[in-house]
Each structure stands twice: as C-alpha cells, then as structure tokens.
Amino acid sequence: MSLRVKEVRHSYGIREVLRGVTFDVPDGALVGVVGENGAGKTTLLRILSGDLTPTGGVVDRTGRLGYCPQQVVLNEAFTVAQHLRFFQVAYRLGDLRYAEELMEVLNFAQYRHDRVGTLSGGTRQKLNLTLALMHDPDLLLLDEPYQGFDWDTYLRFWDLARLLRARGRSVLVISHLAHDKDRLDTLHQLTAGVLDPDPALTEGHR
Ligand SMILES: Nc1ncnc2c1ncn2[C@@H]1O[C@H](COP(=O)(O)OP(=O)(O)OP(=O)(O)O)[C@@H](O)[C@H]1O
C-alpha cells in the first residue's frame, strides 16, 4: 500500500475544511479526487505531502514521494537544464537519464537551454512534472497537473501514468473536474469535508 489516510481532519481557525477523510492508495493504482472549488483538495494534498500538519487523523506513507503542487515553484532566471541539475543534486541521482526520458515523453526536450521565464505555462508545467518524477517516486501526488497541456501532451501524460502503474507506482491526481474518470482506477468525490468513492464514477474501469 502506497498511502493510507485515516480520519484526517483540518480546520483553518474555526472553519473546518476536512471532516474525517479516509481512503487508501494501493501500489500500482491511478486514483483521483474531485471536488468543487474550495472543497479542500489542495489542503488534503498538502497534508498528504507532509507540507501541512492536519488538525487530526493519520497519514501513513511508504516509499519515495513525488509532489507536484499547483503553483510552479521555479526560479525564472534558471534554464530547464539548470533546474534538472539542481534537483539531481537534491535527489542525489547519479545521472539524468530518466529525467531526459521524461522530457522526451512530455515533448519539451527542445527547451533544455531556455530560461524558465521565457517558457509558456504548459511547458513550465511539464518541467514541474518532470522535477516531481525524475527520482522515480513510488507515489506521485499531483494538483491539477495538466492545466495548460495541449491535447497531445495530455494523452502523453496519461500514457506515462499507465507506464508508472505497470511498474507498480501509484499516482494520486486532484482536480475540480471528473473528466478523467475513464483513465483512473478509483475516483473519490470530496464533498462537505468527507470523501466518498462514487460507484457510478468508478464502475468497470481499468
Ligand atoms: N491557509 C489558509 N488559511 C485559511 N483558509 C484557507 C487556507 N487555505 C485554504 N483555506 C480555505 O479552505 C478552503 C479549502 O481550500 P482549498 O484550497 O483546499 O480548496 P480546493 O478544493 O483546492 O479549491 P480549488 O479547486 O479552488 O483550488 C477554502 O475555503 C479556502 O479559502
């Protein structure tokens, strides 16, 4: 099991956003969480990544984590290659072969020597995803990962997600739209601070 979440609660002041969220992400699974704007999806993801301590409940993670937040956290003055090098050191990777492969799959290797400040929003997002994936995490947490992707990249993203799943890696995607339901193994709905697998959304997939 990549992730176990039990009775997670979170409040901002007196405002209770999560009211007891419980779910699992098995090894080799593509899992989605959908919810309206303000439902608490980003709060949940920040808790799962360890970025935010919940008011209550338990999060159990095993293995390496990859986290791709909604806001791109990059220095605009650095090139794509400089970002890869920086993360290579942070992750203690011997080489950048897998990162190069990811850049080819996501179709942005041609921007290697460009400064991030000059890249389009979609290309920045591809770099962000590559930085979250280049150490081959067991569990990848993604917040609205393909905003700004064109259709071809969107399909490439899902090809990549299926390859990861075939290798036993897990991906948790949060989104305000349920349009990817056919591509996921399980889709949870976050409503009123609790999570429900919607049988109508998950039936017969994989
Ligand atoms: N740091 C914070 N302090 C106070 N309230 C916050 C904070 N972060 C989020 N909230 C509130 O908690 C609620 C849930 O926010 P969150 O960003 O988790 O929702 P979301 O489902 O990700 O929304 P969206 O789809 O719009 O990104 C919102 O009402 C938001 O205003």
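All values reported here derive from a predicted model rather than from experimental measurement.

**Notes on the overall build of the protein chain**
Reasoning step 1: Within the protein chain, the secondary structure is distributed over 6 helices and 9 strands.
Reasoning step 2: Computed over C-alpha atoms, the radius of gyration of the protein chain comes to 17 Å, within 12% of the 17 Å expected from 2.2 N^0.38 for 206 residues, which places it in the range of a compact globule.
Reasoning step 3: For the protein chain, the proportion of contacts with a sequence separation of at least 24, taken over those separated by at least 6, is 73%.

**Structural notes on the nonpolar core**
Reasoning step 1: Membership of the largest hydrophobic core comes to 49 residues, with the highest contact counts inside it found for Leu44, Leu48, Leu140, Leu141, Leu142, Val171 and Leu172.
Reasoning step 2: Broken down by element, the residue count for this core peaks at 5 residues, all from helix H4 (residues 121–133).
Reasoning step 3: With near-sequence residues (within four places) excluded, Leu141 lies in contact with Leu45, Leu48, Ser49, Leu65, Gly66, Tyr67, Cys68 and Leu172.

**Describing the pairing of strand E7 (residues 170–175)**
Reasoning step 1: With 6 of its 6 residues buried, E7 lies for the most part within the structure.
Reasoning step 2: Alternating positions in E7 separate into two faces, Ser170, Leu172 and Ile174 on one and Val171, Val173 and Ser175 on the other, with burial throughout.
Reasoning step 3: Pairing between strand E3 (residues 30–34) and E7: 5 bridges, direction parallel. Looking across to E7, one finds that Gly32 is bridged to Val173.
Reasoning step 4: Pairing between strand E6 (residues 139–143) and E7: 5 bridges, direction parallel. Within the sheet, the bridge partner assigned to Asp143 lies in E7 and is Ile174.
Reasoning step 5: Note that the unit made of E6, helix H5 (residues 151–166) and E7 has a crossover that is right-handed.

**Observations regarding the sheet that holds strand E2 (residues 15–25)**
Reasoning step 1: Read across the open sheet, the 3 strands follow the order E2-E1-E4; overall the sheet is antiparallel. The open sheet has two free edges, formed respectively by E2 and strand E4 (56–61), since each of these has just one partner strand. When strand polarity is set aside, the average angle formed by the axes of neighbouring strands in this sheet is 20°.
Reasoning step 2: Here strand E1 (residues 3–12) runs beside E4; their pairing, made up of 5 bridges, is antiparallel. When the bridges of E4 are listed, Val5 appears paired with Val59.
Reasoning step 3: Taken strand by strand, helix H1 (residues 41–49) contacts E1, E2 and E4, and its axis lies near 125° from that of E1.

**Regarding unusual backbone geometry**
Most peptide bonds take the trans form, and the phi angle of most residues other than glycine is negative.
Reasoning step 1: Non-glycine residue Glu7 carries a positive phi angle of around 50°.
Reasoning step 2: The residue Glu7 is located in strand E1 in this model.
Reasoning step 3: Classification of Glu7 by C-beta neighbours within 10 Å gives partly exposed; the count is 13.
Reasoning step 4: We note that Ala192 has phi near 50°; this positive angle belongs to a residue other than glycine.
Reasoning step 5: Positionally, Ala192 belongs in the loop between strand E8 (186–191) and strand E9 (194–197).

Parameters and conventions
Residues numbered from 1 in each chain as written. Predicted model: local features only at pLDDT ≥ 70, side-chain atom pairs only at ≥ 80, totals over all residues. Helix = DSSP H or I, 4+ residues; strand = E, 2+ residues; numbered from the N terminus. Rg over C-alpha atoms; globule rule 2.2 N^0.38 Å. Contact = placed C-beta atoms within 7 Å. Core = buried A, V, L, I, M, F, W, Y, C linked by C-beta atoms within 7 Å. Buried ≥ 20, exposed ≤ 12 C-beta atoms within 10 Å, placed from the backbone. Pairing = 2+ DSSP bridges. Right-handed = clockwise from strand over helix to strand, strands pointing away. Axes fitted to C-alpha atoms, helices over the stretch in contact; angles between N-to-C directions.

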